[in-house]
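What follows is the residue order along each chain.
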Amino acid sequence: MADIIQLLPDHVANQIAAGEVVQRPASVVKELLENAIDAQATTIKLLIKDAGKTLVQVIDNGVGMSVTDARLSFERHATSKIRNAEDLFQLHTKGFRGEALASIAAIAHVELKSKQEADDVGTEIVIEGSEVKSQEVVVTPKGTSIAVKNLFFNIPARRNFLKSNPVELRHVIDEFHRVALAHPNITFVMYHNGSEVFNLPESNYRQRIVNIFGNKTNEKLVPVTEETEVLKVSGFVGKPEFAKKTRGEQFFFVNNRFIKSAYLNHAINSAFDGLLKDGTHASYFLNLEVDPQSIDINIHPTKTEIKFDDEQTLYAILRASVKHSLGQFSIAPVLDFERDSNLDTPYNYKDREAAFPKVEVDATFNPFQEEKVSGKANRTAYKKEPSSSWESLYVGLESKGTHSQQVFSEVQFESEEQTGDIFEDVKQAETSHSTYQIHNKYIVSNIKSGIMLIDQHRAHQRVLYEDLLKHITIKESVSQQLLFPVELFFSNEEVVILQSIQEDLEHTGFVFSNFGKDSIEITGVPINVPASEVSVVLEQLIVDIQNEIPDSHFSAADMLAKSMAKSLAIKTGQSLTAIEQEHLVNSLFGCKEPNVSPTNKPTFITLTVDELDRKFI
Ligand code: ADP
Ligand code: MG
């Protein structure tokens with residue numbers, strides 16, 4: 001049989017390599033920024049068009065390239081940064097593989113201009129799909145400019161695989177943040193579609209963080225410093241009381257290179273142990289300096305993962321130094337998480353004048369009335385009060401018997417926990433729909449065929465979701481005017497996100513009076529959002545959008561409703577009065593789809609008398 005093995009032509013090999021190096025426009029941003037840093041630039045400009053799909057350009061004032069180097073830089077495995085394998089263990093540069101430019105040139109239209117200080121003129125090279133189209137002498141300032149246009153022009157499948165512009169732009173900004181944070185001594189400017197997004201002058205580390213994440217960040221930072229033989233730690237952690245629901249602001253840099261490490265992240269979390277509220281994440285901006293010989297950054301092609309020789313020691317040092325800083329700035333004793341958060345004064349209310357307290361009297365209250373009202377339900381969220389004959393509504397919605405049985409057997413009745421008057425419950429059972437709350441989580445209710453268990457959090461989410469969605473889609477908003485405008489602080493990127501869904505937010509009842517660079521001002525809120533909850537609701541919304549940016553208008557509204565319903569729904573662990581329980585059940589069965597939560601999880605299960613009987617055999 002004839003020989004069948006062939007060497008792949010260079011341009012094919014480059015395209016294959018590009019698959020590893022370039023996943024999206026943000027990968028190009030990372031490679032070009034890193035090359036500029038390796039070239040000792042002090043000012044770096046990043047220009048982006050259409051989230052990088054049409055253009056990613058990086059202009060630096062670094063050392064530039066000679067004519068030959070400019071041409072060679074596009075060859076695969078062409079690098080000025082290492083000469084032999086040993087150099088890999090003494091790396092002081094970002095790049096070393098010599099693959100980035102070759103890969104990028106294989107899948108885009110690339111224009112390079114470069115000039116070295118000593119030369120009078122520079123070189124311009126145009127390459128399309130690995131093919132050199134032209135090479136000329138040009139007048140250009142010292143340094144290098146590389147423009148990467150029409151990414152994946154020759155691989156439509158990859159191009160189609162790219163996400164929407166907001167998603168791709170977020171990846172680009174993430175990369176930009178990482179590089180800019182690792183090098184506060186370099187000036188960075190970023191433009192998107194012609195407008196300036198970031199202007200970060202050369203500064204110290206703290207100022208760089210503040211310039212990126214907004215002025216309000218300054219007061220939230222606690223410095224961390226530690227120097228041992230194996231590790232030098234410097235940087236900041238966020239004060240626990242400002243911890244966010246987003247994981248966003250978590251940065252480790254090892255020898256000025258951004259890395260991801262679940263293990264080291266764990267070290268930080270354990271240093272914060274007991275200081276964070278549930279569901280919030282510590283923010284940190286930490287630089288670790290280690291001997292380059294003790295790490296291996298070669299294990300991942302995009303180099304965000306790293307292998308340390310002695311991980312356990314690093315873990316221990318990191319944990320101890322963060323703990324020490326938190327303690328030194330006497331953060332730990334000030335916090336008291338046991339207190340009722342309802343009693344907190346939101347910080348934006350601090351300087352307001354006190355108002356006269358209002359007394360509300362229910363003139364219709366009659367203590368001798370038949371129906372027993374044990375606690376006045378003040379939950380405005382239960383606006384709908386459909387007929388109480390909801391039992392008939394769920395018929396046919398019952399979940400599969402086996403499933404419900406399984407779920408049910410996990411629920412334990414602990415009657416000892418009920419310390420109240422047991423006869424009280426019996427009396428309530430007689431007068432109401434015999435609802436009963438267990439573990440402040442489920443509502444048990446009698447139905448004709450047996451009993452029903454309702455998950456209070458999910459049920460309320462469903463009720464709020466349908467209500468919010470209705471307001472957004474029919475564009476009929478109900479808003480409560482705030483006495484004083486509330487100013488909330490976000491990062492620049494977060495403000496942009498909120499602005500992009502401003503219209504939908506307004507249909508839920510929000511009224512915005514200003515969108516600043518890192519803050520927004522609100523003068524009205526939806527009626528079912530307490531003013532003190534506004535920042536929590538918006539923060540959660542930003543997290544949800546960042547995790548799943550909707551492409552169509554419909555899904556934007558849908559996600560907004562889902563996110564707000566999730567934030568506002570009564571939580572597991574919240575005790576409900578009999579009347580609140582009944583309202584919730586009634587509202588649930590007034591919904592279009594009462595049997596599932598907005599995220600498609602069951603809101604209730606049923607257990608028939610037959611099934612109960614079988615359990616007693
Ligand atoms: P690597 O960075 O791994 O060496 P690249 O493909 O990214 O590989 O770059 C190849 C070579 O091109 C670099 O080693 C460097 O010599 C040169 N080069 C790339 N970008 C620049 C730049 N902005 N300024 C000066 N030289 C550059
Ligand atoms: Mg490189």
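Structure's up top.
Caption draft 1: Representation of the overall build of the protein chain. Along the backbone of the protein chain there are 18 helices and 22 strands. By residue count, 47% of the 617 residues in the protein chain fall in the buried class. Long-range pairs, those at least 24 residues apart, make up 71% of the contacts in the protein chain between residues at least 6 apart in sequence.

Caption draft 2: Broad picture of the sheet that holds strand E19 (residues 479–489). If you trace the 3 strands from one edge of the open sheet to the other, you get E19-E21-E20, paired in antiparallel fashion. Each having just a single partner strand, E19 and strand E20 (511–515) make up the two edges of the open sheet. Along the sheet, successive strands turn relative to each other by an average axial angle of 15°, direction set aside. Where E19 meets strand E21 (residues 519–526), 7 bridges bridge the pair, whose relative direction is antiparallel.

Caption draft 3: Summary view of the packing of helix H2 (residues 25–38) against helix H6 (residues 165–182). In contact at an axis separation of 8 Å, H2 and H6 are set at 20° when each is read in the N-to-C sense. On the basis of the axis angle, H2 is roughly parallel to H6. Considering only the axes of H2 and H6, their crossing is right-handed. Along its contact with H2, which presents Pro25, Ala26, Val29, Lys30, Leu33 and Ile37, the element H6 presents Glu168, His171, Val172, Glu175, Phe176 and Val179. Taken together, the residues of the contact of H2 with H6 sort by class into 8 nonpolar, 1 polar and 3 charged.

Caption draft 4: Structural view of the site of ligand 1. What surrounds ligand 1 is a group of 18 residues, the closest being Asn35, Thr79, Ser80, Lys81 and Gly98. With respect to ligand 1, the side chain of Thr79 contributes an N or O atom lying 2.6 Å from an oxygen atom. Taken by itself ligand 1 offers 530 Å² of open surface, and the protein chains cover 92% of this. Partitioned by chemical class, the residues of the shell around ligand 1 number 6 nonpolar, 8 polar and 4 charged.

Caption draft 5: Layout of unusual backbone geometry. The residue Asn255 is not glycine, and still its phi comes out positive at about 45°. For Asn255, the position within the fold is in the loop between strand E11 (250–254) and strand E12 (257–259).

Caption draft 6: Highlighting the packing of aromatic side chains. Taken as a whole and judged by the stated rule, the model has 14 aromatic pairs. When the centroid spacing of 5.7 Å and the interplanar angle of 15° are considered together, the rings of Phe251 and Phe285 count as stacked. Taken together, the residues Phe251 in strand E11 and Phe285 in strand E13 (residues 284–289) connect sequence positions 34 residues apart. Across this residue pair, the class does not change: Phe251 and Phe285 are buried. Residues Phe589 and Phe604 carry aromatic rings whose centres are separated by 5.3 Å and whose planes lie at 55° to one another, so their mutual orientation is tilted. Residue Phe589 is found in the loop between helix H17 (578–588) and strand E22 (604–608), and its partner Phe604 is found in strand E22; the two are separated by 15 residues along the sequence. Taking relative accessible area as the criterion, Phe589 reaches 3% and is therefore assigned buried.

Caption draft 7: Summary view of the environment of Thr280. By the element assignment, Thr280 lies in the loop between helix H8 (262–271) and E13. Placed 33 residues apart in sequence, Thr280 and Arg247 show a C-alpha to C-alpha distance of 8.1 Å. Beyond its immediate stretch of four places on either side in the chain, Thr280 contacts Ala243, Lys244 and Lys245.

Caption draft 8: Broad picture of helix H15 (residues 534–547). The terminal C-alpha atoms of H15 lie 20 Å apart, and with 14 residues this matches the ideal 20 Å at 1.5 Å per residue to within 8%. Counting buried residues along H15, 10 of its 14 residues qualify, which places the element largely inside the surrounding structure. Of all the positions in H15, only Val534, Val537, Leu538, Gln540, Leu541, Ile542, Val543, Asp544, Ile545 and Gln546 are classed as buried.

Caption draft 9: Spotlight on the environment of Glu99. Looking at the secondary structure, you find Glu99 in the loop between helix H3 (67–72) and helix H4 (100–106). Judged by relative accessible area, Glu99 falls into the buried class, the value being 15%. For the pair formed by Glu99 and Asn14, sequence separation is 85 residues and the distance between their alpha carbons is 8.4 Å. In contact with Glu99, not counting residues within four places along its chain, are Ala17, Val21, Arg76 and His77.

What counts and how
Residues numbered from 1 in each chain as written. Chains lettered and ligands numbered in written order. Predicted model: local features only at pLDDT ≥ 70, side-chain atom pairs only at ≥ 80, totals over all residues. Heavy atoms only, no water. Helix = DSSP H or I, 4+ residues; strand = E, 2+ residues; numbered from the N terminus. Buried < 20%, exposed > 50% of the residue type's maximum accessible area, 1.4 Å probe, protein only. Contact = heavy atoms within 4.5 Å. Pairing = 2+ DSSP bridges. Axes fitted to C-alpha atoms, helices over the stretch in contact; angles between N-to-C directions. Parallel < 35°, antiparallel > 145°, perpendicular 65-115°, else oblique. Left-handed = near helix turned anticlockwise from the far one by under 90°. Nonpolar A, V, L, I, M, F, W, Y, C, P; charged D, E, K, R; others polar. Near = heavy atom within 4 Å. Polar contact = N/O pair within 3.5 Å; in protein donor to acceptor, adjacent residues only side chain to side chain. Areas by Shrake-Rupley, 256 points an atom, 1.4 Å probe, with all protein chains shown as cover. Phe/Tyr/Trp six-rings, centres within 6.5 Å; stacked < 30°, edge-to-face > 60°. Expected span 1.5 Å × (residues − 1).

That's the geometry; what it means functionally is another story.
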